[in-house]
Structure formats: C-alpha cells, structure tokens
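So the chains spell out like this:
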Amino acid sequence: MAKFAQVIVDVPTMQTNRPFDYQIPTLWQAQLKPGMRVVVPFGKGKRRVQGFVIAISDEASFQGQLKPIIQVLDLQPVLNTELLALAKWLATRTFAFQISCMQTMLPSVMKASYVKKVQLVAGAPAAAKALFHGHSQLDVADLGSAELKQVLALQRQHLVTVSYQVHDRAKVKTVKAVQPLCSQAAYVAMAKKIPANAKRQHQLLDFLSQHATAKKPLPLPQITAATGLTLTHMHTGEQKGWLKVVALETYRDPYAKLAQVPRTQPLTLTAEQRTAVAQITAASEQQQAKTFLIEGVTGSGKTEIYLQTIQSAIAAGKTALMLVPEIALTPQMVTRVKGRFGQRVAVLHSGLSQGERYDEWRRIERGEAQVVVGARSAVFAPLTKIGLIVMDEEHETSYKQDDMPRYHARDVALWRARYHHCPVVLGSATPSLESRARAQKGVYQLIRLKKRANQQPLPEVTVVDMKNELKKTKESNFSSLMLQALRQRLVHKEQSVLMLNRRGFSSFVMCRDCGFVLKCPNCDISLTLHMDTHTMKCHYCGHEEPIPQICPNCHSRKIRYYGTGTQKVESELKQLLPQARVLRMDVDTTRRKGAYGKILHQFGQRQADILLGTQMIAKGLDFPEVTLVGVLNADTALGLPDFRASERTFQLLTQVSGRAGRAAKKGEVIIQTYNPEHYAIRLARHHDYEGFYKREMTLRHQGGYPPYYFTILLTASHPEENEAAKKIFQLMNQIKPALSPQAILLGPTPRAIARVNRRYYYQMVIKYKREPKLESVLAQIMQENQARNGIQIAIDREPLSFI
Ligand SMILES: Nc1ncnc2c1ncn2[C@@H]1O[C@H](COP(=O)(O)OP(=O)(O)OP(=O)(O)O)[C@@H](O)[C@H]1O
Ligand SMILES: [Zn+2]
Ligand SMILES: [Zn+2]
C-alpha cells in the first residue's frame, strides 16, 4: 500500500512550485488517489494549507522525517488524469505556479479559505484571559485593530498560539427527505392503536403505508405540498420509530426557469452549412485532432453548424464543449443550445453564484451533462470522452486571461483536442489574424461561409463623415442621416440598435478654470464618472470617491464632466425623438445579476424601439425586427497606441453591422466617423474580411508584428519606481545573451499606465521567430525573482494588449 503522497501546496511562490512529500496516515492508504485535495502542515509553526495530491508512492524521495497529511477533503479525485497533466503543461507554458493552474480549473468554492485562530497558552495571566471573554479561541478575522494589537503583543510574549484552519467551502445543497421504516401492514396496525382525534398522526401513517415500499427517501417539500404535513410532524414520526428524516442531495439549477425551453429541431442546412457539417463530423468520427476555422459572414448560420456537429458527437456516445465569449453568453445563446439538447446541457459562466457553478461542475463531473456551454474557464470542464470542441467568436480578447495563469482558452482547447483525438472548430465572421494566417499555412482547415442563411444580402453600409457634419450642425451625437433613418424606423415600427464605442475614452471630470483632472490616488489614471452611484471610480483598482463639487486644486466651481457617455447620448436621444422608447445597455445598467438578460428580453419582446449600448451589444445578438444599426463613433479606438487598433475596429464594426437584417426584412447600417478614409472603416463598409486580412498582414509584416513574430511581454513592478526600473534593466541583461541576433527587444519602458495600485510597472517586449534558449531563461527568471524584495515579475506569452 502506498505510504507517501506528493502534494502541490497552496502557497503560490516559486520556491514552493514543486511537489512536497507527506506521509499518508494508515486510515487513508487504501483510498488516497492523485487529484484529491488534502490539508497538510506546511513550514514552521502550526500553519495548515490545502494541497493537491499529484502522485502516490511506496517510497519518499525526501530523506528524513516526513509530516503526515492532516485531512483528506475528497472521496474521489477532483482533478482526473487528464486535468493533472494539463495543469502541468499549463504551468510551464504560461510561466505560472502549478497551484494557480489547478485552482483555475476548479470552481472557486473548492479553493480553500483559511481561518486564523489564536488560543491562550496554559497559565496565561488574567489580563490576557480578559481579551478572550471566556472563549477558548478567537478568530483573527473577527478582531478589531485594537484587539489585534493586543493579541500580537501576547504572541510576542508567547502567551498565545496561532493556528490556521482550512475550511472547505464546497457545500452540497440538500433537502430534507423522509424514509419510511416499516412495512405497510405494520403502519396499518399502528393506526388502529392511535386515538381517532390524533388526525395528523393518522394522516402521516396513512401516507407512510402508501409509500412503505419506496426505495428512495421522499423529498419533504413534495410531501408538504401534497398533504400539508410538515417537518414537525415528521419529527414526531421519527420519535415513534415510524420513519427517518434524511438529507437528500440536490442541485441548484440556475436555469430552472429555462427548463421548459421549447425543444427545437435541426434546421435544413444550406449547401455551405452542409459541407461544413460533413467535414467536421467526419473528423470527429475518425478521431482526428484537426482544427477547423469557420470564416462565416454574420448571420451565415454558424450556430446551426455547431449544434448539428455537437448532435452527432453525442449521438456517438461522446461529449462536447462549446466556448463562447462571456459577453455573448446571453440567455439567447443558452436558450438555443438548451432548446436542442435540453437537460443534457450544463452552463458555466461568471453570472452564476458560486454554489450554482459548483453544482453545474458536479453534473459535468458525474457525466450527467454531455454538452457544456461556457465562457473562458469552461475550457477546463471535467468532461471525459470529448468528441468535439467549439470556440465561437474565436477572435474575442476575453478568451485570454489577464492574471496568472495567463492562458488563452484556444491553446487549452487545442491541447485537450490532442489528448482526446477530437476536432476543434474555431468560428468567427472576423477571425483573429493569428488564426486566419494559420489557416493560410494549412495548419488549420479553412471553411468559408459567404452567404447569409436567410439568402439575403449583407446590409448596406453608409459612412457619414462627422467632420462635415460638424460644420453643418451644432454639436450633436447624431448626424442628420442617422436621425432620419431612426425616424423612419419609428414610422415603420421596426427596431434599431445604436452603438456608442467606449473603447479608448471615458467620462471624466475636469476643471474648466485650471484644467485639473481628478485622478486615482493609487494609480496613474483619471477616475471615471458613474452617474448611477454618484461616485468617481478607478477602473483599475476599484477606488471610489464622491463627485467633487469644487475643484480641489483652485477651488473653482466650474468643475464639469467630459466625454460622451451612454447616459448623455440617451438624454439627447430623448430630446430629439421624444416618442422613441429607448433601452440603455452599458456597464451601469447591467451590473445587477440577470439585468443583461432582462434588457435583451424586453427588446426581443419589442417593448422598445431603440437599443442603445456600448460594444456589449455588438456580438451574437439575433433579433429579426432590427433593420437599422447605427454606430455613433467608429474611430475612438483607432487612436490607441496598439498595433491591433485597426483589427479591433474592423472586427467591432463588422460584428455590429451584422446585427441588421438577419431575418426577412432588409437591413441598413450607418457608421459615423472622423476617419472615413481609414482602411479598417472602408473595408468594414464592404464586409470585406479577406481584403482586410491581406492589407493588415502586409502592415504587420512591415512592422514586424504578430502573427509574423511571437511576442513575450515581461513586466517588473515595485512600490518604488527606481526599483522596478532597475529590475527590468537587470532582466534585459540576463535575457540578451540567450537570444539570437534575429530576436528584437523593445524597451524597457515604463508601462503606458505606469502606476497601478501603488505599484510602478516597467516592461519590455521580446519579438522572435525561433529562440531555443528563450523558454529556459524565462523559467529561470521566474524561479529567481519571484516576490523577492517586493519585486513582482510577470511573464505574458502572446499578450493581447501592450498598454
Ligand atoms: N439552415 C438554416 N435555415 C434557416 N435558417 C437558418 C439556417 N441556419 C441558420 N438560420 C437562421 O439564421 C440566423 C443567423 O444564424 P446564426 O445566428 O447562427 O448566425 P451566425 O453565423 O452565428 O452569425 P453571427 O456571426 O452574426 O453571430 C438565425 O436566426 C438562424 O436561426
Ligand atoms: Zn486606482
Ligand atoms: Zn481648478
């Protein structure tokens, strides 16, 4: 029997980024398996931490006395063989700690929370006892700062001891249930001995005799609903030995309301869809880990292709994973998938409560759901026998995680596809340049859908030059053409979608007398105005303060709002078109849980004429009555110091244009811009993705940007600016000798927003094609520098943003 376990402990530092050996207590030697969570002592003192067993063996690699495992948290592994291997790969690939990778894969409730407790030592003086108010121990989190100070003083005098306790927050939801204990005949006999006026007891015995043969406990809520008998009556029955009250495990179902989603049947495919489905299904059947890139114009019916290929995978006894960007995970998309596969679908996204997420995860893990739809982290769903992985809107930046582990869901999907020998389908109307280029080289197989499923042409796009417009009219967000088109829709009772592009600028407060701008005290950026909460907020660190009435700098009262927010546009719209019913959708109106879905539902029910929103309305929506799409400001993102600015603008305009004319009625798009000649806007106007791809690739080639080069972003941060700067130069000198002359180093420079959360950031970028020594020198840098002397190092492979 295995006596030793190798454990990755929940101490995210580079020094602890390796397995530690522990003894397995005899009691657990038969049960403990790799992938289970345990609690182990770690380091000096009584510190206890959570950990993951990654291997068990008869012999320990460590010489000397090993500490035993304190507690085993799981009865079965929570990470299977595949996911353990994936965690290891992910850690190397993204320069992350193994523990961070493992925790990322699991619902957050399975991450330990630690409680720090203090206990009095025997013989402590009365003064110390007073602090404990008669309790034997105190939870450090409950202490006020004065009490904490006293406790720390006692600790220095060795009068208290401190211990850490690990809490497993993963709680299973249960309902009370009733298990009959006697035979039907026995219940009937008992009823005869009970006084006739004990009505409830008769009723209970009656019920029990009817259900005496029940094999499973009967849920109490159902009994109460049917008979009116409550838990009190059951307790009486329990005392008399008639029955037993037990806890029955249930799931929290976040989509209970959707349970009655009407079932849909597969549509008859268009010729283009049919070819796509045939190729993908064949690869799935032949167990080929092939990657398909579907480049399909908006409304070409990509979703139907996903649904039908998923269908054939599950018909073959396999499972399927469908990834969608968080923002596109609308009830609309969930309804479409649930409508086809019903209860076999599990949904994972950040809108669920932690408990709901945990329950959906367990349904997948137990094999009760065969289709998983979810955002980025759903790529780690514990599905076995995967037959197909779909990634919709593959160009979306939300597939890349900003914090450690800095992974891209596409890379993880491809890894899992190789493991399961199954195809991956990447779909988009505007694929990322990286993926499109890979298809060009034949690494991915390109499938193009050039026509809309409704056989209608793509909507006509008109570009309005706002420079001319400004000369004609007074300052307004609406050109005369846009207003006229909106009025026309109102007359014809058709719907419009209006997008305000908020990327690249924000609403801030500035003093008109001295030019003072209110900035975050922790970060290097201006605070954003939030009218609904009447506060100024920092979008980086969350700092919040009241809106100033008087300039803090010159005491002038002329401190005003700047920038165009959706609220401002909304009020202008109400003045210009008082009869229009407007729904606003932005970060403020969608913050509450379920608000996003509610707004879309109202719009779908035609309770509004105009849906006004930020870029969150650009993706995935399918409303048949929308015949006009208006973009109020196409170019705010073009000015950003980012080589992907054009790509982002082209994608956004194409996606939002695609919301018009998706059913029987013809659609129209109006784009307002100050840069009508810019190629991203010109080509978006003609829905010309291929033209854009060629043009942009030429520019990337000239500039030496991805996808012609791989990139790595290295960041060093410290509360002191010169420490951060010193470190980044030191790292550069360490890396340089390992690189060939073909590699290009950019920087070091201070980051565009140099100070965030009281830390200064310095960065450098490595651009390269083939550098065999680079990986190992970066791994070494992580090893040596992590969290030493307050320095933090981050290594980001293929960053999607350099600012
Ligand atoms: N074969 C078909 N026959 C009839 N209607 C179809 C067919 N395929 C798809 N549709 C319909 O066409 C519309 C557009 O399809 P879908 O939303 O799948 O497009 P998409 O390619 O995902 O578009 P986008 O990239 O804009 O999200 C939907 O209303 C869908 O029901
Ligand atoms: Zn801040
Ligand atoms: Zn001022």
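Residues numbered from 1 in each chain as written. Chains lettered and ligands numbered in written order. Predicted model: local features only at pLDDT ≥ 70, side-chain atom pairs only at ≥ 80, totals over all residues.

### Digging into the overall build of the protein
To be explicit about the condition: Secondary structure elements are taken from DSSP: a helix is a run of H or I of four residues or more, a strand is a run of E of two residues or more, and numbering for both begins at the N terminus. Computation of the radius of gyration draws on C-alpha atoms alone. For the globule rule, the value is 2.2 Å times the number of residues to the power 0.38. By the convention adopted here, residues are in contact when the distance between their C-beta atoms, placed from the backbone, does not exceed 7 Å.
When helices and strands are counted, the protein shows 23 helices and 33 strands. Taking 28 Å as the expected radius of gyration for a compact globule of 803 residues, we find that the protein reaches 31 Å, a close match to that expectation. Viewed in the frame of its principal axes, the protein has a C-alpha envelope of about 95 × 70 × 65 Å. Look at the contacts in the protein between residues 6 or more apart in sequence, and 73% of them connect residues 24 or more apart.

### Here we look at the sheet that holds strand E19 (residues 460-465)
Where we set the bar: The pairing criterion for strands is at least two bridges between them, as found by DSSP. All axes here are fitted lines through C-alpha atoms, helices being fitted over the stretch that makes contact, and every angle between N-to-C directions spans 0 to 180 degrees.
The 6 strands lie next to each other as E19-E29-E28-E20-E27-E26, forming an open sheet whose pairing is parallel. A strand with exactly one partner marks an edge of an open sheet, and here the two such strands are E19 and strand E26 (582-585). Neighbour to neighbour, the strand axes of the sheet diverge by 15 degrees on average, direction disregarded. Note: strand E28 (residues 626-631) against strand E29 (residues 668-673), 4 bridges, orientation parallel. Residue pairing in the sheet places Val631 in a bridge with Ile671 of E29.

### Topic: the site of ligand 1
Spelled out, the test is: For each residue, a C-beta atom is placed from the backbone, and the residue is labelled near a molecule or strand when this atom is within 6 Å of it. Each residue is assigned to one class: nonpolar for Ala, Val, Leu, Ile, Met, Phe, Trp, Tyr, Cys and Pro, charged for Asp, Glu, Lys and Arg, and polar for all the others, Gly among them.
Residues in close proximity to ligand 1 total 20 residues, the closest being Thr298, Gly301, Lys302, Thr303 and Ala453. Residue contributions to the shell around ligand 1 peak at 3 residues, all from helix H10 (residues 302-315). Taken together, the residues of the shell around ligand 1 sort by class into 4 nonpolar, 12 polar and 4 charged.

### Description of the pairing of strand E3 (residues 37-41)
Filter applied, for reference: Residues are called buried when their C-beta atom has 20 or more other C-beta atoms within 10 Å, exposed when it has 12 or fewer, and partly exposed otherwise; all C-beta atoms are positioned from the backbone.
Where burial is concerned, most of E3 is hidden: 4 out of the 5 residues are buried. Bridge count for E3 against strand E4 (residues 48-57) is 5 bridges, and the pairing is antiparallel. Residue Pro41 lies in a different strand from E4, and its bridge partner there is Arg48. Here E3 pairs with strand E5 (residues 71-72) via 2 bridges, running antiparallel. When the bridges of E5 are listed, Val39 appears paired with Gln71.

### Some details on the UniProt feature "binding site: Zn(2+) 1" (unreviewed entry) in the protein
The cut-off we apply is this: UniProt positions are given in the numbering used here, feature names are shortened, and annotations may be inferred rather than shown by experiment.
When the UniProt feature table is mapped to this numbering, "binding site: Zn(2+) 1" (unreviewed entry) covers Cys511, Cys514, Cys551 and Cys554. Taken along the chain, the residues just named run across 44 residues; in space they keep tight, none of their C-alpha pairs more than 8.6 Å apart. Checked against the element boundaries, Cys551 lands in the loop between strand E24 (544-546) and strand E25 (559-562). Residue class for Cys551 comes out buried when judged on the 20 C-beta atoms lying within 10 Å of it. Beyond its immediate sequence surroundings of up to four residues, Cys551 is in contact with Cys511, Asp513, Cys514, Phe516, Ser556 and Ile559. Position of Cys554 relative to the elements: it lies in the loop between E24 and E25. C-beta crowding within 10 Å serves as the criterion here: with 13 such atoms nearby, Cys554 is assigned to the partly exposed category.

### Here we look at unusual backbone geometry
The omega angle of the peptide bond from Met404 to Pro405 is -5 degrees, so this bond is cis rather than trans. The peptide bond linking Gly747 to Pro748 adopts the cis configuration, its omega dihedral lying at 0 degrees. Positionally, Pro748 belongs in strand E31 (residues 744-756). In this structure, His555 is a non-glycine residue whose phi angle is positive, near 65 degrees. Using a count of 11 C-beta atoms within 10 Å as the deciding quantity, one classes His555 as exposed.

### Some words on the sheet that holds strand E16 (residues 386-392)
Sheet strands pair via backbone hydrogen bonds, and the direction of the pair is either parallel or antiparallel. Reading across the sheet, the 7 strands line up as E14-E15-E13-E16-E17-E12-E18 and stay open at both edges, with parallel pairing between neighbours. With one partner strand each, in any of the chains shown, strand E14 (345-348) and strand E18 (445-449) form the two edges of the open sheet. Mean inter-strand twist for the sheet, computed between neighbouring axes without regard to direction, equals 15 degrees. As paired elements, strand E12 (residues 291-296) and E18 share 5 bridges and run parallel to each other. Residue Ile294 lies in a different strand from E18, and its bridge partner there is Ile447. Those strands touched by helix H13 (residues 409-420) are E12, strand E13 (319-323), E16 and strand E17 (424-428), and its axis lies near 165 degrees from that of E16.

### Some details on the pairing of E13
The buried count for E13 comes to 5 of 5 residues, which makes it a mostly enclosed element. Of the two faces of E13, the one holding Thr319, Leu321 and Leu323 and the one holding Ala320 and Met322 are both buried throughout. Direction of pairing for E13 relative to E16: parallel, over a ladder of 5 bridges. Of the residues in E16, the one forming a bridge with Ala320 is Leu388. Two strands pair when backbone bridges link them, and E13 and strand E15 (residues 371-374) are joined in this way by 4 bridges, in the parallel orientation. Across the sheet, the residue bridging to Leu321 is Val372, located in E15.

### So, helix H6 (residues 199-210)
In an α-helix there are 3.6 residues to a turn, and that puts residues three or four apart on one side. Definition in use: Expected span, for any helix, means 1.5 Å times one less than how many residues it has.
The end-to-end C-alpha separation of H6 is 17 Å, in line with the 16 Å expected for 12 residues at 1.5 Å each. Within H6, burial applies to Leu204, Leu205, Phe207, Leu208 and Ser209. Where H6 is buried, its residues contact strand E9 (173-180), helix H5 (184-193), helix H7 (220-227), helix H8 (231-239) and strand E11 (243-250).

### A closer look at the packing of helix H9 (residues 271-285) against H10
Our working rule: Crossing handedness follows the turn of the near helix against the far one: under a right angle anticlockwise gives a left-handed crossing, and clockwise gives a right-handed one.
It is the contact of H9 with H10, at a shortest axis distance of 9 Å, that shows an interaxial angle of 30 degrees. Handedness of the H9/H10 crossing: right-handed. Residues Gln273, Ala276, Val277, Ile280, Thr281 and Ser284 of H9 form the contact with H10, whose own contacting residues are Glu304, Ile305, Gln308, Thr309, Ser312 and Ala313. Here the contact of H9 with H10 is composed, by residue class, of 5 nonpolar, 6 polar and 1 charged.

### Some details on the environment of Val491
Mapping Val491 onto the fold places it in helix H16 (residues 480-492). For the pair Val491 and Val347, spaced 144 residues apart in sequence, the C-alpha to C-alpha distance is 40 Å.

### Focus on the nonpolar core
Stated precisely, the cut-off is as follows: Remark: nonpolar core denotes a set of buried Ala, Val, Leu, Ile, Met, Phe, Trp, Tyr and Cys residues whose joining runs through C-beta atoms within 7 Å.
One finds Ala87, Met322, Leu323, Val371, Val372, Ile389 and Ile671 to be the most contacted residues of the largest nonpolar core, which totals 159 residues. In terms of residue count, helix H1 (residues 81-93) provides more of this core than any other element does, 6 residues in total. Apart from the residues within four sequence positions on either side, Val372 is in contact with Leu321, Met322, Ala346, Leu348, Ile364, Ala378, Ala381 and Leu383. One finds Leu204, Phe207, Leu208 and Met234 within the second-largest nonpolar core, a separate group that totals 11 residues.

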